[in-house]
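# Fold and geometry: a report
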Protein chains: 2
Amino acid sequence: MPRRLESTPQSDGFRMPAEWERHAGCWMLWPQRRDTWRNGGKPAQRAFVEVASQIARFERVSMGVNRDQYENARAMLPPQVRVVELSNNDAWMRDCGATFVVNKRGDVRGVDWRFNAWGGLDKLMYFPWDQDQLVATKMLEIEGIDRYAAPFVLEGGSIHVDGEGTVITTEQCLLHPNRNPQLSRAQIEQLLADYLGIRHIIWLPRGVYEDETDGHVDNLCCYARAGVVAMTWTDDRSDPQYERSAAAYEALMSARDAQGRGLEIHKIHQPAPMTMTTDEAAGLDVVDSAFRRPVGERLAGSYINFYIANGAIIMPIFGDRHDAAAAQKLAALFPQREIVRIQAREILLGGGNIHCITQQQPAGS
Amino acid sequence: MPRRLESTPQSDGFRMPAEWERHAGCWMLWPQRRDTWRNGGKPAQRAFVEVASQIARFERVSMGVNRDQYENARAMLPPQVRVVELSNNDAWMRDCGATFVVNKRGDVRGVDWRFNAWGGLDKLMYFPWDQDQLVATKMLEIEGIDRYAAPFVLEGGSIHVDGEGTVITTEQCLLHPNRNPQLSRAQIEQLLADYLGIRHIIWLPRGVYEDETDGHVDNLCCYARAGVVAMTWTDDRSDPQYERSAAAYEALMSARDAQGRGLEIHKIHQPAPMTMTTDEAAGLDVVDSAFRRPVGERLAGSYINFYIANGAIIMPIFGDRHDAAAAQKLAALFPQREIVRIQAREILLGGGNIHCITQQQPAGS
């Protein structure tokens, strides 16, 4: 059933659909590594259970789990979540999983990017990432979906598309020498076109301050619908995030999309700066071969890191005074969808948020 | 999606269909343990690839694989075989996997038997069997199929049904004290009725000589269609198999099925006695916590251990002078099906054969 294709999505008439297009379901991975998730992963697991349970109200959820956590995950998750064995090194399905593409007939295929754990041995988020690298293949095998093996490093969190020919990404991430140093900007642009089925790239300069991913766009800015974007913002000019958001805003203001449209831009004020507490840090294993998040270092909190489910927005909140305003903005941007708020500090402590731990599978036909 | 049900198939109107009823597909597990499969599993893997490839000509095949063999299995198997991660201790899908049941509406559910590796610590085929025990749950989760957790030990290889209310099994296995010592014969009969949706049991005394499973019926005797059985036979009265086959024949001759019919019995002459060679034994790891197959010990070879696929019979052959006659008998018994012969000595060396390493999933509707 599943074939490895030597052609490209673009040449076969496939494109990555926008996240708001109808899903068959959502894929996630179960958190467990003790150097990423404090207290043996238990608080994060409860947060992931909440995310999965809420998404499962709207679409099928498949949770991929290492074998040593299979029984625990099955017991903690509600029965409507499908639990499948799927070995992984950490829980960032958006980044190590497949990106799905569709054609006009409603066929669905998967793109299997190269994965180097956000920068390989230079960055050393953790080592090894051998199981993460197989996640895309395995999820496509389970579904019986054909696979394009893309010949370059990319994480799903570094791209957002409008489904009509445009991708938004950041120079900080896609042009970083720890990803594809052998490729020129022009070559990367060509590969994005080939593998996402897009015609136009909107480059933003940098991502969110202290974001460990080298500036993934999915924490900074996303499409709400074609021609309309939302981005994280701060009114505090002394905050290091200010100049980053301002630069992104400027780039978005002057951008045109693949259809030649200018963009409508919605600012969503970020949560107040957060840092990891001493108590939280004490819950983490210290491991030489992994990135260490020091006490007091800024966490890259952003409301933009939400997931669009069929009929709902699954958004992170932090017990912050900006939570309500962010939810209101999303409600206005997505009037047809229920806004589901999830206390997401435990996910943020691991280095990402709800969008980073999910991956939509389009419905096809 | 998949629920754990507290009722029984019988009470819910479900029954185990006969193997010749239409399949959605076939499940297998990938062989790798070095104390079961010689030379690091490579010869057995090639045999399993052949079995999977042949079945895949007729129905979907899903191969469950441990993570450390995933890439190798994916590479060795043809693309039309689906490869899913599914941790296991050994490759006997028939025995550790789910048994499927259906109802009149075409709904499909799974029965998850307790598994103790053919006799638990008394027998010690190998230890541990913790991953085998989870195979049924995991395959049902992948398919989104509801699960009955049966409260007793049973292996799929110890039963054959006609789909019309009858099961054939052996006293040697089902009444063995290493399976369910706390249950009486009457209680076991009740549980078989409850979980297979049958009304009548045909008890045969013993299975095949030197069969390590304590006499699984699937190496001795099987249904070819309702009212018609095939069994392994020898004309050599000095062979220890003779009295076993003769006793089974006698029991079958006097049996009535659930519909009150007598049985038409077809004898298929066994292959000439085979033993493991010194060279073959030298390819096995010696492990204290696992059963050892000594050089010169009889292998439980039988042509009955075949798989009924949609439109085909996948049968073992051994390069034996009885191969052709066995194939002719099966061709006569299954006139609508292609008879596919597979050189199966490597599977037999591991302790079973083609029926033991497969499990059909009925089509439902």
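The following refers to the structure shown. Model, not experiment: these values are computed from the prediction. (Residues numbered from 1 in each chain as written. Chains lettered and ligands numbered in written order. Predicted model: local features only at pLDDT ≥ 70, side-chain atom pairs only at ≥ 80, totals over all residues. Heavy atoms only, no water.)

Residues and elements named next belong to chain A. Spatially, the 3 strands line up as an open sheet ordered E8-E9-E10, and their pairing is mixed. Across the chains shown, the open sheet's two edge strands, defined by having one partner strand only, are strand E8 (160-161) and strand E10 (200-204). Relative to E10, strand E9 (residues 166-170) runs parallel, the two being bridged by 5 bridges. Following the sheet pairing, Val 167 is matched in E10 by Ile 201. Sheet contacts for helix H7 (residues 185-196): E8, E9 and E10; angle to E10, the most-contacted strand, approximately 125°. Lying on the sheet, helix H8 (residues 240-253) is in contact with E9 and E10; it crosses E10 at an angle near 155°. (Pairing = 2+ DSSP bridges. Helix = DSSP H or I, 4+ residues; strand = E, 2+ residues; numbered from the N terminus. Contact = heavy atoms within 4.5 Å. Axes fitted to C-alpha atoms, helices over the stretch in contact; angles between N-to-C directions.)

Residue and element names in this part refer to chain B. Taking 1.5 Å of rise per residue, the 12 residues of helix H5 (residues 132-143) would be expected to cover 16 Å, and the 18 Å separating its terminal C-alpha atoms lies within 8% of that figure. Within H5, 10 of the 12 residues are buried, leaving the element largely enclosed by the surrounding structure. The positive-phi residue at the C-terminal boundary of H5 is Gly 144, with phi of around 70°. (Expected span 1.5 Å × (residues − 1). Buried < 20%, exposed > 50% of the residue type's maximum accessible area, 1.4 Å probe, protein only.)

Attention now goes to the environment of A:Val135. Residues and elements named next belong to chain A. Counting through the fold element by element, Val 135 comes out in helix H5 (residues 132-143). With 101 residues separating them in the primary sequence, Val 135 and Arg 34 have C-alpha atoms 20 Å apart. Setting aside anything within four residues of it in sequence, one finds Val 135 in contact with Leu 29, Leu 86, Ser 87, Asn 88, Met 93, Cys 96 and Gly 97.

Attention shifts here to the sheet that holds strand E6 (residues 108-114) of chain B. Residues and elements named next belong to chain B. Pairing within the open sheet is mixed, and its 4 strands lie in the order E1-E7-E6-E5. Strand pairing shows two members of the sheet lacking a second neighbour, strand E1 (4-5) and strand E5 (99-102), which therefore form its edges. With 4 bridges joining them, E5 and E6 adopt antiparallel strand pairing. Its bridge partner lying in E6, Thr 99 is registered against Val 111.

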